[in-house]
Amino acid sequence: MMSKLGRGQKDKVQQFMAITGASEKVALQALKASDWHLEGAFDIFYSQPQIRAVTDTRHLEELYKRYRDPDVDMILVEGISLLCNDLQVDPQDIVMLVLSWHMKAATMCEFSCQEFIGGLQSLGVDSIPKLREKLPSLRNELRDEHKFREIYNFAFSWAREKGQKPLALDTALGMWRLLFSEKHWPLVEHWCQFLQVRHNKAISRDTWSQLLEFVKTIDPQLSNYDEEGAWPYLIDEFVEYLTENGIVPSRK
Amino acid sequence: MNSQSQSQSQSQRRKNFKIEAFKHKVELDPKYAERTWKVLEHAIHEIYNNNASRLSFEELYRSAYNMVLHKYGDKLYSGLVATMTAHLNKIAKSVESAQGGLFLEKLNHKWADHNKALQMIRDILMYMDRSYVPTSHKTPVHELGLNLWRDHIIHSPNIQARLQDTLLDLVQRERTGDVINRGLMRNITKMLMDLGSSVYQDDFEKPFLDVSASFYSGESQQFIECCDCGSYLKKAERRLNEEMERVSHYLDAKTEVKITSAVEREMIANHMQRLVHMDNSGLVNMLIDDKYDDLSRMYSLFKRVPEGLSTIRDVMTSYLRERGRVLVTDTERLKDPVEFVQCLLNEKDKHDKIISTAFNNDKTFQNALNSSFEYFINLNNRSPEFISLYLDDKLRKGLKGASEEEVEVVLDKVMMLFRYLQEKDVFEKYYKQHLAKRLLSGKTVSDDAERSMIVKLKTECGYQFTSKLEGMFTDMKTSEDTMLDFYAKQSAELGDGPTLAVQILTTGSWPTQLTAACNLPPEILTVCEKFRTYYLGTHSGRRLTWQTNMGTADIKATFGKGHKHELNVSTYQMCVLMLFNSADGLTYREIEQATEIPALDLKRCLQSLACVKGKNVLRKEPMSKDISEEDVFYFNDKFTSKFVKVKIGTVVAQKESEPEKQETRQRVEEDRKPQIEAAIVRIMKSRRVLDHNSIVAEVTKQLQSRFLPNPVVIKKRIESLIEREFLERDKADRKLYRYLA
């Protein structure tokens, strides 16, 4: 990368790295974004606190070894338990989901080496205390509309059984209850009951992601629900269920 | 000018011989003008007094000519006006004084006179008409004469109103039955037209139309209180014809359309709803009683008014829909499917006839009939099954002895009903089942009729619909050939065993019936195995499965006192009966165990062998109507029948039982899913991106020739395709779907 830059640009990168202590990659990013103005690049850098921290790869490898399973090159259930303990966090805590998202974890209850180290690096932490400090801001990310959606959709593939296309119903119900207590949805319990009584099968990805849209756009009294809205049929049936049982006002 | 120049040149030679214009004028002295005028004035008087014969046309013409020439046109013209006016005033008084009926006659007479006079005057004054009149922008003589007549006679205060009243009174009298002098009327109205169409309109036509409107308004009110619909329409038609006749006899042609629309409005348009809905005699009653004349009259009368035909059509449509709805939901009628369909066909015939006889084959009415049928036929979801059963009945026995034309007529009529079906795929399923039974039992009235039906279905629905049906026919033929070959090659080995006739059915062409084979009697089993070996010898790689629920058998049975009968039974029945060769009595359970026939079929089978009068080759204890699992069966030694050959088979197509119906419907629903998916994929492949509602509309359109897809099912199929990654939702607009290559 550096070889493609002109002399002046290379100098700037060096300067940047020296002053901020950032990595070459970060320096390049910031300078490009500011159109190679050093002052502008500093502004960008200092307004993004995550990038600021420098991580020590050696510390991370040590950390990984602590949690890694003795037989498999992965962090498995016991390792995660230990991690949660160290972090003083309940394994069921939703912050673990956010953390897994940062790690781009493929499946729940396990982290690969790449996922663990890469994730912590992107967070800019290399120790348990630093990670613990970061937890509140991770929790905060759920309040961001955009991020919540990404985390929500991530949760589907993450919570799936390996090799399965749809998400098992019980798991889905658990995830929903978790997610929608954060982003409050008054109908979440009714939704879960409805599914258990009327559907009792696994949940497709489309239904999962469309539910979030439903929660975001349709009010709990369903006054702006549109039958022609191309909602998945399960959601149409849910609306019928709510109307039949008098939970929402009749639509006629 | 030539001569002048010539003379000029001549004159030049002759030294200044000039030719000059008249120096002295031939002056007409005023006295001469006055004298001339007096001559003409006198002539006009004479003309008006019918004394024209004594006048010299030439002299008068010259006089007038001279006056104009010598610039006395003004005097001539104004004199003419004054003279004519004076005469007309006299005429007016004369007309006014006429009594009663003579008024019009006088007017007519005087008008004729005036016209004659005017003609003569015009001829005399022709020069003035041609030279003076245009240049001084005066009205020409003839027109002047008409205008003066109009102003002084027609619009004279004592004549104008009286004329109008007289004319309208005569019309009124004629309308109420009197005979009037039509010739006189014609002359008068023609006079008014000659005076100018605005005169005709203002002095006669407008009041005529007003009076007529109120006349017919009153009359129609009166009629409608006391007449039934048919009589009322007859009266209206009569009045309409009268008015048209009136116009042709003594009114201006342009009045026709105005008076007829007044009658149409008053007598028909204003009472349309009341007429159509009249109790006991309205449109619906006419339809029920096939009153072709009344209907025809209603149609031609209502056609004349706005919304007339649509009123008839709407009432007819809602009547048909209701009637149809009642028919298809009548539980009594539904017990007999053949009767049910016949009823529908009769209704169709009846109304077809009405439309062709009384409604002029009007296409909009045919469409209304079609849409009504389409509506109510599909209210009953067993219609497809019943139509197939009707056809089965006809092809099995109903059309026996019918000519080719008769067969075609019946089949074409049934095809019309078929076209109305929304669920044609359900029909296909049943038709296949019923056809299979007909073919396998050999019970079809005519091969040609069967094939004709297939052709009709193919024309209507395409090759795919009928390819399997045709396959069934092919199988039958091939089987025949196979059997001949089998017996030719194997006759030595078969010896005295039972004669076998096998029909080899290609799986996929025939309706699928997954039944486990029952236990065949050993004699049968032997010959069946021989056949299997033979067949697989020539067709290796194929698999044969005996369909024991579809076969038949002929058994020779000997009863008490040596009575011999040949029984024609189903394969199941044969299996049961053969057991009694080695036992006199058997319990239900023993039979079940020995034959392994499925319970429902076994019960039906035993019922037909033991509980049907005249066919009870078995005796049952207890002698109850139904089969219970505790029953015991005995060979009925005492069986008698006057027929040597007794048919006990139960392979006739019947109305399905409730559970069977559910099963068929389920299979149809399952078959529809891939068809819907295929349609979605086809559409998305070509359109790439499409919104939900458009997909639903397109899919419905593509499949409508087979069935009406349920939008919820379409939605589920779309979601399934999303799950299998054929489609995805658009990231920005969740109502849009994208095709994933």
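Within each chain, residues carry numbers counting from 1 in the order of the written sequence. To label them, take the chains in the order written and letter them from A, then take the ligands in the order written and number them from 1. Under the rules for a predicted model, residues below a pLDDT of 70 receive no local features and side-chain atom pairs below 80 are neither given nor counted, while totals for whole chains, interfaces and linings still include all residues. Just so you know, side-chain values use all the structure's heavy atoms and leave hydrogens and water out.

## Topic: the overall build of chain B
Inclusion rule: Every helix listed is a DSSP run of H or I at least four residues long, and every strand listed is a run of E at least two residues long, numbered separately from the N terminus. Taken over C-alpha atoms, the radius of gyration is set against a globule rule of 2.2 Å times the number of residues to the power 0.38. Relative accessibility under 20% of the residue-type maximum defines a buried residue, over 50% an exposed one, and the middle range a partly exposed one, all with a 1.4 Å probe and only protein chains included. Should any heavy atoms of two residues lie within 4.5 Å, those residues are considered in contact.
Tallying secondary structure elements over chain B gives 31 helices and 9 strands in all. Since a compact globule built from 741 residues should have a radius of gyration of about 27 Å, the 49 Å found for chain B marks it as more spread out than a globular shape. Expressed as lengths along the three principal axes of its C-alpha atoms, the size of chain B is roughly 155 × 75 × 60 Å. Counting only residues that meet the buried cut, chain B has 44% of its 741 residues in that class. By sequence separation, contacts in chain B at least 24 residues apart represent 70% of the contacts at least 6 residues apart.

## Quick word on helix α7 (residues 94–103) of chain A
Residue and element names in this part refer to chain A. Selection rule: Whenever two N or O atoms come within 3.5 Å, that pair is a polar contact, provided that in protein one can donate a hydrogen and the other can accept it, and provided that, for residues adjacent in sequence, both atoms are side-chain atoms.
Among the 10 residues in α7, 10 count as buried, and that is most of the element. The secondary structure elements touched by the buried residues of α7 are α6 (77–87), β2 (111–112), α8 (113–123), α9 (128–141), α10 (145–159) and α11 (169–182). The opening residue of α7, the one whose side-chain oxygen lies 2.9 Å from the backbone nitrogen of Val-95, is Asp-93. Of the residues trailing α7, Lys-104 is marked for its positive phi of about 55°.

## Observations regarding the interface of chain B and chain A
Basically, it comes down to this: Once two parts are put together, the accessible area they lose, assessed with a 1.4 Å probe and summed over both, is termed the buried area. By salt bridge we mean one thing: a side-chain nitrogen of Lys or Arg within 4 Å of a carboxyl oxygen of Asp or Glu. Three categories are distinguished: nonpolar for Ala, Val, Leu, Ile, Met, Phe, Trp, Tyr, Cys and Pro, charged for Asp, Glu, Lys and Arg, and polar for the others, with Gly belonging to the last.
Facing 13 residues of chain B, the contacting portion of chain A comprises 17 residues. Interface area, chain B with chain A, both sides summed: about 1,300 Å², of which 43% is carbon and sulfur. If you sort the residues of chain B by the area they bury against chain A, Lys-715, Glu-723 and Arg-734 of chain B come out on top, with a joint share of 44%. On the surface where chain B and chain A come into contact, there are 4 salt bridges. One salt bridge in this structure joins Lys-165 of chain A and Glu-725 of chain B, with 3.5 Å as the shortest N-O distance. If you look at where chain B meets chain A, you find 10 residue pairs in polar contact (both at pLDDT 80 or more). Elements with a contribution of two residues or more to the side of chain B that touches chain A: α30 (692–703) and α31 (711–723) of chain B. It is α31 of chain B that contributes the most residues to the side of chain B that touches chain A, 5 residues altogether. Of the residues that constitute the side of chain B that touches chain A, the class distribution is 2 nonpolar, 2 polar and 9 charged.

## Some points on the pairing of strand β2 (residues 564–570) of chain B
Residues and elements named next belong to chain B. Defined as follows: We call two strands paired when DSSP finds no fewer than two bridges between them.
Sheet topology note: the strand β1 (residues 552–558)/β2 ladder contains 7 bridges and is antiparallel. If you follow Lys-556 over to β2, its bridge partner there is Glu-566. The antiparallel pairing of β1 with β2 creates a hairpin that spans 5 residues between the two strands, and Lys-561 there sits at a positive phi of about 60°. Sheet topology note: the β2/strand β6 (residues 645–647) ladder contains 3 bridges and is parallel. By the bridge assignment for β6, Asn-568 is matched with Lys-647.

## As for unusual backbone geometry
Residue and element names in this part refer to chain B. Cis geometry is found at the peptide bond from Glu-621 to Pro-622, where omega equals -5°. If you trace the backbone, Pro-622 turns up in the loop between β4 (618–621) and β5 (632–635). One non-glycine residue, Asn-50, lies in positive phi territory at about 65°. Here Asn-50 shows up in the loop between α2 (30–48) and α3 (57–69). In this structure Asn-50 comes out as exposed when scored by relative accessible area, which is 54%.

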